[in-house]
Amino acid sequence: MPEASVPQSLHTANQRLQAALQVAGRPPEAARILAVSKTKSAAMLRQAYDAGQRAFGENYLQEALEKQAQLAALDDIEWHFIGALQSNKTRDVAEHFAWVHSVEREKIARRLSDQRPPTLAPLNVCLQLNVSGEASKAGVDAEALPALAEALLALPNLRLRGLMALPAPSDDPARQREAFRTVREAFEALRRRFPEAPLDTLSMGMSGDLEPAVAEGATLVRLGTALFGSRHPAGARP
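Conventions we followed
- Residues numbered from 1 in each chain as written.
- Predicted model: local features only at pLDDT ≥ 70, side-chain atom pairs only at ≥ 80, totals over all residues.
- Heavy atoms only, no water.
- Axes fitted to C-alpha atoms, helices over the stretch in contact; angles between N-to-C directions.
- Helix = DSSP H or I, 4+ residues; strand = E, 2+ residues; numbered from the N terminus.
- Parallel < 35°, antiparallel > 145°, perpendicular 65-115°, else oblique.
- Left-handed = near helix turned anticlockwise from the far one by under 90°.
- Contact = heavy atoms within 4.5 Å.
- Nonpolar A, V, L, I, M, F, W, Y, C, P; charged D, E, K, R; others polar.
- Buried < 20%, exposed > 50% of the residue type's maximum accessible area, 1.4 Å probe, protein only.
- Polar contact = N/O pair within 3.5 Å; in protein donor to acceptor, adjacent residues only side chain to side chain.
- Salt bridge = Lys/Arg side-chain N within 4 Å of Asp/Glu carboxyl O.
- Lys, Arg positive; Asp, Glu negative; His and termini not counted.
- Phe/Tyr/Trp six-rings, centres within 6.5 Å; stacked < 30°, edge-to-face > 60°.
- Patch = residues over 30% accessible without salt bridge, like charges linked within 9 Å, V, L, I, M, F, W, Y side chains within 5 Å.
- Areas by Shrake-Rupley, 256 points an atom, 1.4 Å probe, with all protein chains shown as cover.
- Charge placed at Lys NZ, Arg CZ, Asp CG, Glu CD.
- Core = buried A, V, L, I, M, F, W, Y, C linked by side-chain atoms within 4.5 Å.

Thoughts on the packing of helix α6 (residues 145–153) against helix α7 (residues 173–193)
Between α6 and α7, the shortest axis-to-axis distance is 11 Å and the interhelical angle comes to 50°. The angle between the axes of α6 and α7 places the two elements in the oblique class. α7 is crossed by α6, and the crossing has right-handed handedness. Contact residues: L145, P146 and A149 in α6; A186, L190 and R193 in α7. In the contact of α6 with α7, the residues fall into five nonpolar, no polar and one charged.

Digging into the side chain of E63
Assignment of secondary structure puts E63 in helix α3 (residues 61–70). For E63, a relative accessible area of 15% puts it in the buried group. A polar atom in the side chain of E63 sits 2.6 Å from the side chain of K67. Excluding residues that lie within four positions of it along the chain, E63 makes contacts with S37, K38, T39, K40 and E58.

Thoughts on the pattern of salt bridges
The tally for this structure, following the rule as stated, stands at 12 salt bridges. Across the pair D76 and R54 runs a salt bridge whose closest N-O atoms are separated by 3.0 Å. Residue D76 is located in the loop between α3 and β3 (78–81), and its partner R54 is located in the loop between α2 (42–50) and β2 (55–58); the two are separated by 22 residues in the primary sequence. Since its relative accessible area comes to 38%, D76 is described here as partly exposed. Note on R54: relative accessible area 29%, which makes it partly exposed. K67 is paired through a salt bridge with E63; the nearest N and O atoms lie 2.6 Å apart. Of the two residues, K67 and E63 both sit in helix α3, four residues apart, roughly one turn of that helix. A single salt-bridge network, built from bridges that share partners, covers R177, R181, R184, E188 and E216.

Considering the side chain of R222
Locating R222 in the fold gives a position in strand β8 (residues 220–223). No salt bridge forms around the buried R222; measuring N to O, its nearest opposite-charge neighbour D209 is 7.2 Å away. For R222, the side chain forms a polar contact with the main-chain oxygen of S203, separated by 2.7 Å. When sequence neighbours within four positions are dropped, the list of residues in contact with R222 reads L34, V36, M164, A165, L166, S203, M204, G205, M206 and S207.

Topic: the packing of aromatic side chains
Following the criterion strictly, the structure yields two aromatic pairs and no others. Residues F56 and W79 carry aromatic rings whose centres are separated by 6.1 Å and whose planes lie at 40° to one another, so their mutual orientation is tilted. Here W79 lies in strand β3 and F56 lies in strand β2, a separation of 23 residues in the sequence. Each of the two residues, F56 as well as W79, counts as buried. Residues F81 and F97 carry aromatic rings whose centres are separated by 5.5 Å and whose planes lie at 75° to one another, so their mutual orientation is edge-to-face. In this pair, F81 is assigned in strand β3 and F97 in the loop between α4 (90–96) and β4 (99–103), connecting sequence segments 16 residues apart.

Re the environment of R54
Along the backbone, R54 and D76 are 22 residues apart, and their C-alpha atoms lie at a distance of 7.0 Å. Apart from residues lying up to four places away in sequence, R54 is in contact with Y49, D76, I77 and E78. From its side chain, R54 meets the backbone oxygen of Y49 in a polar contact 2.8 Å long.

Description of a positive patch on the surface
On the surface, R91, R105, K107 and R111 cluster together to form a positively charged patch. Its place among the elements puts R105 in the loop between β4 and α5 (106–115).

Things to note about the nonpolar core
Grouped together as the largest cluster of nonpolar side chains are 66 residues, with contacts concentrated most on F56, V100, V103, L112, L127 and L163. With six residues, the top contributor of residues to this core is helix α1 (residues 6–24). L163 has contacts with C126, L127, L129, L145, V183, A186, F187, L190, T201, L202 and S203, leaving out every residue within four places of it along the chain. Membership of the second largest hydrophobic core comes to five residues, among which are L34, V36, A55 and L220.

Now the structure itself:
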């Protein structure tokens, strides 16, 4: 996608989001776009930033750190880490991001809390829910979710904000809504169990299923293709 088209794509995506919120009977500020910028250049991110986008989600740590360095002058960018999170990545994530969406183990949560610099605000965390129930899929099982949330709430440098999920792809809007409804119900159960926790975030929905996600309560929709076009082939430079 030519960089000049990024502002128009962002405008169109925001219109689409607002239309979905209206259909769902939700207020205009109830959800926002997280620009998924993996494999995209810092120049393209700057195009989106200049058009008003502030929240950017990155999957690949080294690539993200390079873009953060290139865009360091834009000090109000909100960086979200949304990729798989191993122990050897936690320090850099704790030091360089405002949000992380992919926590599924207490060990990772403890490392993030221990490694969060004291000069920074607590790291905002979404627990990744395994909505499919398949052992091969990333995320915590629904049965283990309350215990993980309780452990995370005790960590001083983390702030549990909500859930993230990646349902299995489907072209059926009814199946899409069913999966997102499962996430919302798990989220609401956590809010009832931990009423003092700052649980306000449902990170779900992407370019192909924004509307069903918004209908089921998404507050952050992760859009990549809709903003930046298709990803570069494997091995290509962003």
